[in-house]
Amino acid sequence: MNKQDIPPMQKIVFLLFLAMLYSCHPVPDSRNKIDYQNIPNQSGRANGVFSEITLDSFSIYMGGDNLTSMEGDFFLQKDTIYFGDQQLASIFMYDTAGRFLSSRLKRGKGPGEIFGLHTMTPLPEGYAIIDQQWNVYLFDRQWNKENQYRINWQTQKSYKALLDNPDPNERAIYEVEYTKNNLRPFGDKNLIFPIVTEHERYNSYGGENARHFYENSYTIAIMDIENGNIIKMLCNRSPVYSHYRYLPNFKYVFFDTFKDTLFYSFEADTLIYRMGINDTIPNVSFGLAAQGLNTKYTETRDLKEADENFASNRKTFGYYNYLTYIPEKQILFKGFSTGTPLQKHGIQIYRNTRLIAEITVPDNFKVFGYSAPYYYATGKPDYNDDRMKIYRFKLNL
């Protein structure tokens, strides 16, 4: 029988069969998918949650002979403030009063040089840096380079195979999520960082697989610190994203670690999740909604619309934006921005799983460390005077 011999109704069935036969395979679910419904929730509020702190401040001069681009990240180790300059690929060190101490590294290919710097983290015996090209650099405590390699996503599949058959379990469809620069040690032999896939047929911007993307794609990679191999991917997005079809401008994960413990959350999520390095699911969730957060998000339908509305979305709507764990005090900071109409910035402070404070703070305020008796946070840069404001404060807990 040829095609002309097939009756009209049977022809329709025949064509549907051919379409199914030659269409791409369904996208599989993630193998490490977290069942958020079975995570114990231990959210609580302390008696007498306080809402005010006294802020002291000073400025770090970043011009003159020790000129920086003022674009980068801070961390605090013992009594030294470190600034990783993304433009210069250099590390600048200051004391806890903001006085310049010394600098290390610069952009290049020679001794004491690196190709770039995107984000950095202290390690128990040194430091780690990732640049914008997936290069990883390991240093000892004196900033002598001990190792250098590229992130190895470990795949043998061709580009066409990856394109034709998107799979959230396939490491090679992911890349470093540079929008949320974050790098942390996790356990004794691992580094973790945020990841995202912007696969042509599997992404956050819309299309037939958008819902599957939000429910199954991973947001964090665990990398072997010895060789750069990606050994595991984890943390699909939480159920809050099931309320929306497309929310690419607030899809980001953020996290902090302490030894074998990971704390993570998402920009649209009230809850914080805590899990150990050997856990298959978080062992607890906790968190209370910040006051005044505007979560009446406008969904965007495609990449063009998302890009055009990114800045206005981030100003109009509320979202959470970072976690900082202070092991010396066993407290966790969670930053947020309320959006309109309040246009405020704030921090929540948790001890164990209980909210103990919610405080309004200045713009660009991000807690980055503790050196007794003060907690330290970044402020807004003054590019005209080459100065970075640093806040410090005490908590009488």
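Every chain is numbered independently, its residues counted from 1 as its sequence is written. For this predicted model, a pLDDT threshold of at least 70 governs which residues receive local features, and a threshold of 80 or more governs which side-chain atom pairs are given and counted, while totals over whole chains, interfaces and linings are taken from all residues. No hydrogens and no water enter the side-chain calculation; it runs on all heavy atoms of the structure.

Moving on: the pattern of salt bridges. For this document, the term salt bridge refers to a Lys or Arg side-chain nitrogen within 4 Å of an Asp or Glu carboxyl oxygen. Counted according to the given criterion, the structure contains twelve salt bridges. Here K160 makes a salt bridge to D164, at a shortest N to O gap of 2.5 Å. Of this pair, K160 and D164 both sit in helix α2 (residues 159-164), four residues apart, which is roughly one turn of the helix. Residue K160 is classed as exposed on the basis of its relative accessible area of 56%. Here D363 makes a salt bridge to K380, at a shortest N to O gap of 3.7 Å. On the criterion of sequence distance, the pair formed by D363 in the loop between β25 (354-361) and β26 (366-371) and K380 in strand β27 (residues 374-382) is long-range, its members being 17 residues apart. Here the term buried applies to any residue with accessible area under 20% of the maximum for its type, exposed to any over 50%, and partly exposed to those in between, with areas from a 1.4 Å probe on protein chains only. You can call K380 exposed: its relative accessible area is 52%. The numbering of helices and of strands both runs from the N terminus, where a helix is a DSSP run of H or I of at least 4 residues and a strand a run of E of at least 2.

In this section: the side chain of T378. You can see T378 is positioned in strand β27. Among the residues examined, T378 registers a relative accessible area of 12% and is labelled buried. Here a polar contact means two N or O atoms within 3.5 Å. Within protein one must be a hydrogen donor candidate and the other an acceptor candidate, and residues neighboring in sequence count only if both atoms are side-chain atoms. Looking at T378, its side chain comes within polar contact range of the main-chain oxygen of N364, at 3.2 Å. If sequence neighbours within four positions are ignored, T378 has contacts with F74, N364, F365, K366, F368, K389, I390 and Y391. We call two residues in contact whenever any of their non-hydrogen atoms come within 4.5 Å of each other.

Turning our eyes to something else, we now look at the sheet that holds strand β9 (residues 119-123). Only strands that DSSP links by at least two bridges are regarded as paired with each other. One open sheet holds the four strands; their spatial order is β9-β10-β11-β12, and the pairing between them is antiparallel. Looking along the sheet, the strands with just one partner apiece sit at the ends: β9 and β12 (145-150). On average, adjacent strands in this sheet sit at an angle of 15° to one another, irrespective of strand direction. Summarising the sheet, strand β11 (residues 135-139) and β12 pair through five bridges and their orientation is antiparallel. Looking across to β12, one finds that Y137 is bridged to Q148. The convention used is that axes are lines fitted to C-alpha atoms, helices contributing only their stretch in contact, and that angles between N-to-C directions extend from 0 to 180 degrees.

With the exception of glycine, the majority of residues adopt a negative phi angle, and the majority of peptide bonds are in the trans configuration. Residue P341 is bonded to the preceding T340 through a cis peptide linkage, with omega at 0°. Mapped onto the fold, P341 is located in the loop between β23 (331-337) and β24 (345-351). Geometrically, the link from A372 to P373 is a cis peptide bond, its omega value of 5° lying close to zero. Tracing the backbone shows P373 in the loop between β26 and β27. Even without glycine at this site, A89 takes up a positive phi of about 55°. Among the structural elements, A89 can be located in the loop between β4 (80-85) and β5 (90-95). Look at N364: it is not a glycine, yet its phi comes out positive at around 70°. Inspection of the secondary structure assignment puts N364 in the loop between β25 and β26. You can call N364 partly exposed: its relative accessible area is 39%.

So, on to the nonpolar core. Residues grouped as a nonpolar core are buried Ala, Val, Leu, Ile, Met, Phe, Trp, Tyr and Cys residues, joined through side-chain atoms within 4.5 Å. Judged by nonpolar contacts, the single largest core of 50 residues is most densely connected at I151, L191, F193, I220, L262 and Y264. If you look at the next biggest cluster of nonpolar residues, it comprises 19 residues, including A46, I326, I349 and A357.

This next bit is on the pairing of strand β3 (residues 72-77). Bridge analysis of β3 against β4 gives six bridges, and the strand direction is antiparallel. Note on β4: the bridge partner recorded for F74 is F83. Here β3 hands over to β4 after two residues, with K78 in that stretch at a positive phi of 55°.

This part takes up the environment of E52. In this fold, E52 is placed in the loop between β1 (44-50) and β2 (55-61). The exposure class assigned to E52 is exposed, which follows from its relative accessible area of 68%. Residues E52 and A357 lie 305 residues apart in sequence; the distance between their C-alpha atoms is 8.2 Å.

Honestly, it's all geometry; don't read function into it.
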